[in-house]
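Fold and contact review
In case you want the letters, here they are:
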Number of protein chains: 2
Amino acid sequence: MKSRQKSTIYDIAQKAGASPSAVSAALNGKWKQRRLKKETVDRIQRIAQEEGYMANLQARGLRKAESGLAGMVLPDHENRFFAELSQQFAKEAHARGLCPAIVHAGRDADAQLTSVESLIAYSVDLLMIAGATEPLSLASACSKARIRHVFVDHPCSEAPSIVTDNTGGAAMLTKTLLDEMDMPSETDPTTWLYFLGGESSLPASADRIHGFRQQAEAAKVLFDPGQILACGYESEKAEEALSDLYSRLGQLPAGLFVNSIGCFEGVLRFLSRLPEGDISRSTFGCFDHDPFATLSRFPLRMVRQRADLMVEEAFRQLDKGTSEACLIRVAPDLV
Amino acid sequence: MKSRQKSTIYDIAQKAGASPSAVSAALNGKWKQRRLKKETVDRIQRIAQEEGYMANLQARGLRKAESGLAGMVLPDHENRFFAELSQQFAKEAHARGLCPAIVHAGRDADAQLTSVESLIAYSVDLLMIAGATEPLSLASACSKARIRHVFVDHPCSEAPSIVTDNTGGAAMLTKTLLDEMDMPSETDPTTWLYFLGGESSLPASADRIHGFRQQAEAAKVLFDPGQILACGYESEKAEEALSDLYSRLGQLPAGLFVNSIGCFEGVLRFLSRLPEGDISRSTFGCFDHDPFATLSRFPLRMVRQRADLMVEEAFRQLDKGTSEACLIRVAPDLV
DNA sequence: TAACATTGCTACATCGATTGAGCAACTTGT
DNA sequence: ACAAGTTGCTCAATCGATGTAGCAATGTTA
């Protein structure tokens, strides 16, 4: 309470008339095995309390070759899903007595590698990597440093990875759309069902398209590759693609599967320019969740990725200690 | 590249036929002042490269009594504003060569104190605290440890603090509402303008109410304390309060100032139960921003807090070195 | 009473990087 | 040829906490 500067075990030792080792043992619950008198321990603890002593965690970390830090690397925070991931990560890290160190590294592979190396240099006790652009190089950096690590969202073939069950989630969403949309048999089948957004070369999108295709084929509403509009992830692209589709069809399709929240923003922007009547005949689904989006005034189904379960599972893998490669799929929710 | 474990300056020194000091100097750009031969330096750097050497930052931190870490404490991440704050924080920290360590501490004062103490124990080089519940105890912990710190969003009287200009923002939003709403003179003035949400005992809400009141009085539309419904920050409370108001008035008010995004969620939930015609006669404003909320199908003004400017200003304070108390207001945007 | 065990504590090396002090071997000036 | 300066490097202490090894003072047993 009274010290001007930070106090060390040496200061405490001095004031308590004991040795630094005794102080260390007393303050770490190791006094029994070190055979210190209870009385001495009490005295030390009282003084430490008075001085407001707090161990220097860098010194401890250096000595013990660990840090008490739980590292997490993720691309950004402007996305609800990543925000939830980091929130859950912080919670689980705390539960393990670790201090979360969360780094936003962007989408650039080099920046991500730098961030990972930096966290390794702090001897983080574990590392969780979300949305890795080039997972392999990150994994090899971790392995070389013998750091437990997990990948989330974007998997890595060389390390434990937790991903959303994209295929299953997409299938579920597609099926629900098919059930809920009114598909008048007399209309042109080109106005039925479309998939909008994403990059078919990326695994996540590919899986979602696969799930979509699977259900659409089963329902016999898939007949044209043009029903899948993988226009990228930007809202502008999605807005444009939907606008094109609308003028081509002369109306909205009966059902629209939107691949991500960013694309959905573009969709909403386009819809806000249409008369209400035009919209109410269509059913929408989005593979991503946002509480505000659910408050739209038209039928909308959203798939919510279970950040909570994913992080839980990720820690389960980390707790196992071995960084053996494996791929775990977590089923998302339908909202 | 080839080492199984992490290599140290001692390993590098051995392989380079030099001393650890030389290695340290060579790898830190201090070789000129330390008068090392360029040739030696090159040899050391080459070997370090080959070994994939990375300094142990805990050791460095211990020695230099700093860590290269930039600490940030914030309540949670489920809020767009805090997410943006942390994003900007990470950016600025990087720009200063620091590694951001972001901790979610929740709203509990004790948990926040623990987090701050923990970051201090890592010798963070600076500390940014957002949404502090009990700023004073946090500030005193920082001062005692001689750690540069800033408060953001919730100010502290004993430290540099950056807050949104709540009064000004609220006045701006209120004025815009008044300009844009149609206020038929023949109707009952009780249906004119309302303020919904927040806790009048909290400084932020109080300031916003003050800005609201100021403009409303100037426009002569404030006549009853019942026009200010400080029902708390939860969406459920807001939904209920608006529902009550609706049944009391038999309609929506012409203008509604919603105090936060959480409350706005409740408002939207209520509105989604009303026929469209009922809504289109009203104008809404919300003191907070969410891209999806702006896509509503009715007139909506949102105030966006400038997380970017606030963090920039916060770092400007930190860079000054002195932790002299001051209160800086950053004007928000109208969207 | 010597041998041995137990209690209560301290000394010291260690983790890895940094840095002030200082030592040789040359070069230069006179 | 001797002092002084320069160049190129190494030594050793230091940061704060940890933990093994071990010392001294008792108590216990034969």
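Remember, predicted model here, so these are calculated numbers, not experimental data. (Residues numbered from 1 in each chain as written. Chains lettered and ligands numbered in written order. Predicted model: local features only at pLDDT ≥ 70, side-chain atom pairs only at ≥ 80, totals over all residues. Heavy atoms only, no water.)

**Looking at the packing of aromatic side chains**
- Summed over the entire model, instances satisfying the criterion amount to 16 aromatic pairs over all chains.
- With a centroid separation of 5.6 Å and 75 degrees between ring planes, the pair formed by B:Phe212 and B:Phe257 is classed as edge-to-face. Residue B:Phe212 is found in helix 9 (residues 203-218), and its partner B:Phe257 is found in strand 8 (residues 255-258); the two are separated by 45 residues along the sequence. The exposure classification of B:Phe212 matches that of B:Phe257, with both residues buried.
- Members of the aromatic cluster, joined through ring pairs, are A:Phe195, A:Phe212, A:Phe257 and A:Phe287.
- B:Arg208 extends its terminal NZ or CZ atom over the ring of B:Phe287, reaching a point 3.9 Å from the ring centre. (Phe/Tyr/Trp six-rings, centres within 6.5 Å; stacked < 30°, edge-to-face > 60°. Helix = DSSP H or I, 4+ residues; strand = E, 2+ residues; numbered from the N terminus. Buried < 20%, exposed > 50% of the residue type's maximum accessible area, 1.4 Å probe, protein only. Lys NZ or Arg CZ within 6 Å of the ring centre and 35° of its normal.)

**Some thoughts on the side chain of A:Thr176**
Residues and elements named next belong to chain A.
- Residue placement: Thr-176 occurs in helix 8 (residues 166-180).
- There is a polar contact of 2.7 Å between the side chain of Thr-176 and the backbone oxygen of Met-172.
- In this view, Thr-176 contacts Arg-301 and Leu-334; residues no more than four positions away in its chain are not counted. (Polar contact = N/O pair within 3.5 Å; in protein donor to acceptor, adjacent residues only side chain to side chain. Contact = heavy atoms within 4.5 Å.)

**Considerations on the domain arrangement of chain A**
- The domain boundaries assigned to chain A delineate domain 1 (9-55), domain 2 (67-158 + 307-334) and domain 3 (166-304).
- Taking the mean C-alpha position of each, domain 1 of chain A and domain 2 of chain A sit 37 Å from one another. (Domains from an automatic or database assignment.)

**Concerning the packing of helix 1 (residues 9-16) of chain A against helix 3 (residues 38-51) of chain A**
All names here are of chain A.
- Two numbers describe how helix 1 lies on helix 3: the axes approach to 9 Å, and their chain directions differ by 125 degrees. Classified by the interaxial angle, the pair formed by helix 1 and helix 3 is oblique. Where helix 1 crosses over helix 3, the handedness of that crossing is right-handed. Contacts between helix 1 and helix 3 involve Ile-12, Lys-15 and Ala-16 on the former and, on the latter, Arg-43, Ile-44, Ile-47, Ala-48 and Glu-51.
- Looking at the contact of helix 1 with helix 3 residue by residue, the class counts come to 5 nonpolar, no polar and 3 charged. (Axes fitted to C-alpha atoms, helices over the stretch in contact; angles between N-to-C directions. Parallel < 35°, antiparallel > 145°, perpendicular 65-115°, else oblique. Left-handed = near helix turned anticlockwise from the far one by under 90°. Nonpolar A, V, L, I, M, F, W, Y, C, P; charged D, E, K, R; others polar.)

**Comments concerning the pairing of strand 9 (residues 283-287) of chain A**
All names here are of chain A.
- Taken across its 5 residues, strand 9 has 5 buried, putting it largely inside the fold.
- Taking every second residue as pointing to the same face, both faces of strand 9 are buried, with Thr-283, Gly-285 and Phe-287 on one and Phe-284 and Cys-286 on the other.
- Pairing geometry for strand 9 and strand 10 (residues 300-304), over 4 bridges, is parallel. Its bridge partner lying in strand 10, Gly-285 is registered against Arg-301. (Pairing = 2+ DSSP bridges.)

**Brief notes about the protein's contact with DNA strand D**
- Around DNA strand D, 28 residues are found, and the nearest of them are A:Ile9, A:Tyr53, A:Arg60, A:Arg63 and B:Lys37.
- When atoms of DNA strand D within 4 Å of the protein are split into backbone and base, the sugar-phosphate part holds 46%.
- Interatomic distance of 3.1 Å between a side-chain N/O atom of A:Arg34 and a base oxygen of DNA strand D.
- In the environment of DNA strand D, a base oxygen lies 2.9 Å from a nitrogen or oxygen atom belonging to the side chain of B:Arg63.
- For the surface near DNA strand D, the secondary-structure elements that each account for two or more residues are helix 1, helix 2 (20-27) and helix 4 (57-64) of chain A together with helix 2 (20-27) and helix 4 (57-64) of chain B.
- Per-element accounting of the surface near DNA strand D gives the leading share, 4 residues, to helix 4 of chain A.
- Considering only residue class, the surface near DNA strand D consists of 9 nonpolar, 8 polar and 11 charged. (Near = heavy atom within 4 Å.)

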